[in-house]
Amino acid sequence: MALALETPLRELPGIGETRSRALERLGLRTVGDLLHHYPRDYEDRTVRSTFRSAPEGEAVCVAAMVAEPPRLSRIRKGLELIKVKVVDAAGAATLTFFNQSYVKDALHTGETYVFYGKVEGPALRRNMTNPIFEREDRPRFTGRIVPVYALTAGISNNLLAGLVLRCLEDCASLIPECLPSGLRRTHGLAEQEFSIRNVHFPENGEALALARRRLMFEELFTFSCGLALLRERRGQEKGPVFASKGGDGFSALLPFSPTAAQRRAMAEAAADMASGRPMNRLVQGDVGSGKTIVAAYGAWQAAQNGWQAALMAPTEILAEQHFRTLSGLFAPAGIRVVLLTAAAKAAEKRSVKAALAAGEADLVIGTHALLSSGVVFSRLGLVITDEQHRFGVEQRAALAGKAADGLKPHILVMSATPIPRTLALILYGDLDVSVIDELPPGRTPVETFVVGEDKRARMYRFVRKLVEEGRQVYFVCPMVEDGEEAAADLKAVTAYAADLQNRVFSDLRVGLVHGRMKPREKEAAMAAFAAGEMDVLVATTVVEVGVDVPNAALMVVENAERFGLSQLHQLRGRVGRGRHHSYCILMTATRNEESRARLKILAGTTDGFQISEEDLRLRGPGDFFGTRQHGLPRLRVADLAGDMRLLREAQAAADELLQENPGLAGEHLAPLRERIQSLFDTNGDSFN
Ligand code: ADP
Ligand code: MG
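Residues numbered from 1 in each chain as written. Chains lettered and ligands numbered in written order. Predicted model: local features only at pLDDT ≥ 70, side-chain atom pairs only at ≥ 80, totals over all residues. Heavy atoms only, no water.

1. Regarding unusual backbone geometry
Okay, step 1: A positive phi angle, close to 45°, is found at N559, a residue other than glycine.
Okay, step 2: Mapped onto the fold, N559 is located in the loop between β22 (552–557) and α18 (565–572).
Okay, step 3: By relative accessible area, which is 35% here, N559 ends up partly exposed.
Okay, step 4: Positive phi, normally seen in glycine, also occurs at L664, with a value near 50°. (Helix = DSSP H or I, 4+ residues; strand = E, 2+ residues; numbered from the N terminus. Buried < 20%, exposed > 50% of the residue type's maximum accessible area, 1.4 Å probe, protein only.)

Here you go:
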């Protein structure tokens, strides 16, 4: 059967129902998907040697003949051992296989195979354990650089590599070249087919570097073009006009005077909302920098102009918190604020919805459920999301459907994840950004310490002391939320919490919340902690976007070296929200000087932007593209290694092309247009 890029993988030999479902978990449905599933690493299997001359302990390929039939022995239940004697040009060796009984029938006496593995033992008694092998006359995975892929349960690397090899055969030449030849020449970029072949099975290191460079460039370039097109499209849309009523009436409602940074963000939003085009603005500012009043100001402007506003929070608890703050703030101005949560009684929900439909409520606060079809607005003019990913396709469609008079509502997104300035233009290329880079006066920064295992007992004593003073404490453990390591991590964090309760703090109340819990259970645990029903809350990073617990005065992070600096900063922001002096303890057992130095940066500064710049410098942009906080397409190659120079080069190239040809018109750019479309499509964003 000849394969095409659109051929579903399930039609390939050896791929049944189970495997095709496993592949789908990796996002792989078609041959084309598979070819764009780039390796996360490589193994160099190019070194050939003999058993005698191979350096001990190093992995090499040895061509050798099977001298005797393999011998199988059962050491004990569950442990089978196969020994095989082989000879190569220079001598003999013994191969040992553990629990791989198929080897007995796979290796034939008198035949020559290439074995890849570590050679061990003295010169005359060489051996190799669990080598990879294949017939010498049909080498696929030996004698070359082989790819190492991201995997999932039920899919081995060999299986995946075999599939890729098969698909490359038929289809490597079918992938359309999406970079115009002039562009490739100017920037020294390899061709599509060469790059796809060599990113999977590189001929050599140099070819791999060329392939990677081209694919990274392609990704960043199409990404930049896509953002520019989004921006362009948005420029043609119409939004409600909020005539600026000045900020004085609003300021009179505030119990404090806004910082200069808050004023700037408010003015920028007001200008957008008065422009006649829909606002698309991101307000970025550290936790505690006072983003809420910028949102409140938007809602106030809407109400002054006879429009409704909706504020969406990521959790119900946060929604309730906002409701309390804002209904208090707006009461004197006669602005009508309502709360819509899943937890409310049916009758109450009905009356809130009726008020929104009749235009009797000015501001509604809730979760994403606000976007559901049952919620009808009379005149929705502004949608604000707090600490949430940006909108995907369905949400945009839902929003557009709710707008009045064919106008698109204004959108204001608030994020506490500082993005380095150098990256902001790329990540937020289709948004306007306001930065709140100043904290309200009178805050004492959270005191931060990097602590080694030798001081663990002291850390426990400190926790106890704070709890005795009436404070509460977070313990955060790293946990991968999916993939193979997730199960092990989940077990570890559960055991950790049990141990803390039973062995360390048996007289304190210890709770647990992790990302694998149902949303309702999570919320219940967070609510109990917020209500003071627990002293200690063990959590995975789910607390990152959490409730405000002003009484929490200490954040302990275990295995802190496993987190990115920005993420740690984010976690630290969970404490220091009340009037109590607060602390953050970064526990680490690492002796790696670099890791420790990295953590010490946090002890030295509380400026989220400075921290994110350091993170970028030390770990590359992969983390920023990876977190998906920005809600834009996830990049495949750019995740692997970050090259800021290439990033800028690709962006400049995109700008240049779009200057010349704003619509990317023309037959020769059709593959590029398709690439852009698919990049954004598969990632839940869209040009529609
Ligand atoms: P963010 O959402 O950015 O994390 P919030 O808007 O919740 O921060 O504000 C944090 C706290 O600071 C709130 O209690 C708020 O009332 C207070 N606050 C905000 N702006 C100011 C200001 N200009 N002066 C004093 N306090 C402020
Ligand atoms: Mg907030």
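2. Brief notes about the site of ligand 1
Okay, step 1: Neighbouring ligand 1 are 15 residues; Q262, G288, K291, T292 and R443 lie closest to it.
Okay, step 2: Here S257 contributes a backbone N or O atom positioned 3.1 Å from a nitrogen atom of ligand 1.
Okay, step 3: The separation between an oxygen atom of ligand 1 and a polar side-chain atom of T292 is 2.6 Å.
Okay, step 4: Relative to its unbound accessible area of 560 Å², ligand 1 is 71% covered by the protein chains. (Near = heavy atom within 4 Å. Polar contact = N/O pair within 3.5 Å; in protein donor to acceptor, adjacent residues only side chain to side chain. Areas by Shrake-Rupley, 256 points an atom, 1.4 Å probe, with all protein chains shown as cover.)

3. Thoughts on the nonpolar core
Here is a general trend for soluble globular proteins: nonpolar side chains tend to be buried in one another's company.
Okay, step 1: Ranked by size, the top nonpolar core spans 40 residues in total, and within it F250, L326, L329, F330, L363, I365 and L382 carry the most contacts.
Okay, step 2: At the level of secondary structure, the elements contributing two or more residues to this core comprise α9 (260–274), α10 (292–304), β12 (308–312), α11 (316–330), β13 (337–340), β14 (363–366), β15 (380–386) and β16 (410–415).
Okay, step 3: In terms of residues, this core owes the most to one element, α10, which gives nine residues.
Okay, step 4: Residues L5, L160, A172 and V199 belong to the second largest nonpolar core, which totals 36 residues. (Core = buried A, V, L, I, M, F, W, Y, C linked by side-chain atoms within 4.5 Å.)

4. A look at the environment of V31
Okay, step 1: Tracing the backbone shows V31 in helix α2 (residues 31–35).
Okay, step 2: Look at V31 and you get buried, because its relative accessible area is 0%.
Okay, step 3: With 22 residues separating them in the primary sequence, V31 and L9 have C-alpha atoms 5.9 Å apart.

5. As for the sheet that holds strand β21 (residues 536–539)
Okay, step 1: Taken in spatial order, the six strands of this open sheet run β18-β23-β22-β19-β21-β20, and their pairing is parallel. If you trace the sheet from one side to the other, it starts and ends with β18 (447–451) and β20 (510–513), each paired once. Looking at each pair of strands side by side, their axes are set apart by 20° on average, direction ignored.
Okay, step 2: Bridge count for β22 against strand β23 (residues 583–587) is four bridges, and the pairing is parallel. By the bridge assignment, L554 is partnered in β23 with Y583.
Okay, step 3: The sheet strands contacting helix α15 (residues 456–468) are β19 (472–476), β21, β22 and β23, and the helix crosses β23 at an angle near 155°. (Pairing = 2+ DSSP bridges. Axes fitted to C-alpha atoms, helices over the stretch in contact; angles between N-to-C directions. Contact = heavy atoms within 4.5 Å.)

6. Focus on the sheet that holds β14
Okay, step 1: Pairing is parallel in the open sheet, where seven strands are placed in the order β13-β14-β12-β15-β16-β11-β17. Edge strands, defined here as strands with exactly one partner in the open sheet, are β13 and β17 (432–436). Strand-to-strand twist of the sheet, defined as the mean angle between neighbouring strand axes without regard to direction, takes the value 20°.
Okay, step 2: Of the strand pairs in this sheet, β12 and β15 are connected by five bridges, and their pairing is parallel. Across the sheet, the residue bridging to Q308 is L380, located in β15.
Okay, step 3: Most of the contacts of helix α12 (residues 346–357) go to β13, to which it runs at about 135°, and overall it touches β12, β13 and β14.

7. With respect to the pattern of salt bridges
Okay, step 1: Overall, the coordinates contain 27 salt bridges when judged by the stated rule.
Okay, step 2: For E177, the salt bridge is made with R184, and the minimal N-O distance between the two is 3.4 Å.
Okay, step 3: Overall, E177 belongs to the partly exposed group, its relative accessible area being 24%.
Okay, step 4: With a relative accessible area of 15%, R184 lands in the buried category.
Okay, step 5: Of the charged contacts, one joins D272 and R281 as a salt bridge, the two residues approaching to 2.7 Å between their closest N and O atoms. (Salt bridge = Lys/Arg side-chain N within 4 Å of Asp/Glu carboxyl O.)

8. A word on the side chain of H514
Okay, step 1: Along the chain, H514 falls in the loop between β20 and α17 (519–530).
Okay, step 2: On the accessibility criterion, H514 (11% relative accessible area) is buried.
Okay, step 3: Within the local environment of H514, its side chain forms a polar contact with the backbone nitrogen of R516, the two atoms lying 3.1 Å apart.

9. Digging into the confidence of the model for the chain
Okay, step 1: Of all residues in the chain, 89% have pLDDT values of 70 or greater, and the mean over the chain is 86.
Okay, step 2: Put simply, helix α21 (residues 622–627) is where the chain has its lowest mean pLDDT, 51, and α15 is where it has its highest, 97.
Okay, step 3: Note that pLDDT drops below 50 for residues 682–688; the model gives that stretch 24 contacts with residues more than four away or on any other chain. (pLDDT = per-residue confidence, 0-100.)

10. Looking at the pairing of β13
Okay, step 1: Of the two faces of β13, both are covered, the one formed by V337 and L339 as well as the one formed by V338 and L340.
Okay, step 2: As paired strands, β13 and β14 are joined by four bridges and run parallel to one another. Bridge assignment links V338 to a residue of β14, and that residue is V364.
Okay, step 3: The parallel pair β13 and β14 is bridged by α12, and the resulting crossover is right-handed. (Right-handed = clockwise from strand over helix to strand, strands pointing away.)

11. What to know about the side chain of T367
Okay, step 1: With respect to the secondary-structure elements, T367 resides in the loop between β14 and β15.
Okay, step 2: Contacts of T367, omitting those with residues within four sequence positions, involve M312, A313, T315, E316 and L340.

12. Some thoughts on helix α1 (residues 17–25)
Okay, step 1: Those residues of α1 that sit buried are S20, A22 and L23. Across the axial projection of α1, the buried residues extend over an arc of 160°, all falling on one side. Seen from the buried face of α1, the exposed residues on the opposite side, beyond 90 degrees, are T18 and R25.
Okay, step 2: Tucked into the core, α1 has its buried residues touching α4 (157–171). (Arc of directions from axis to C-beta.)

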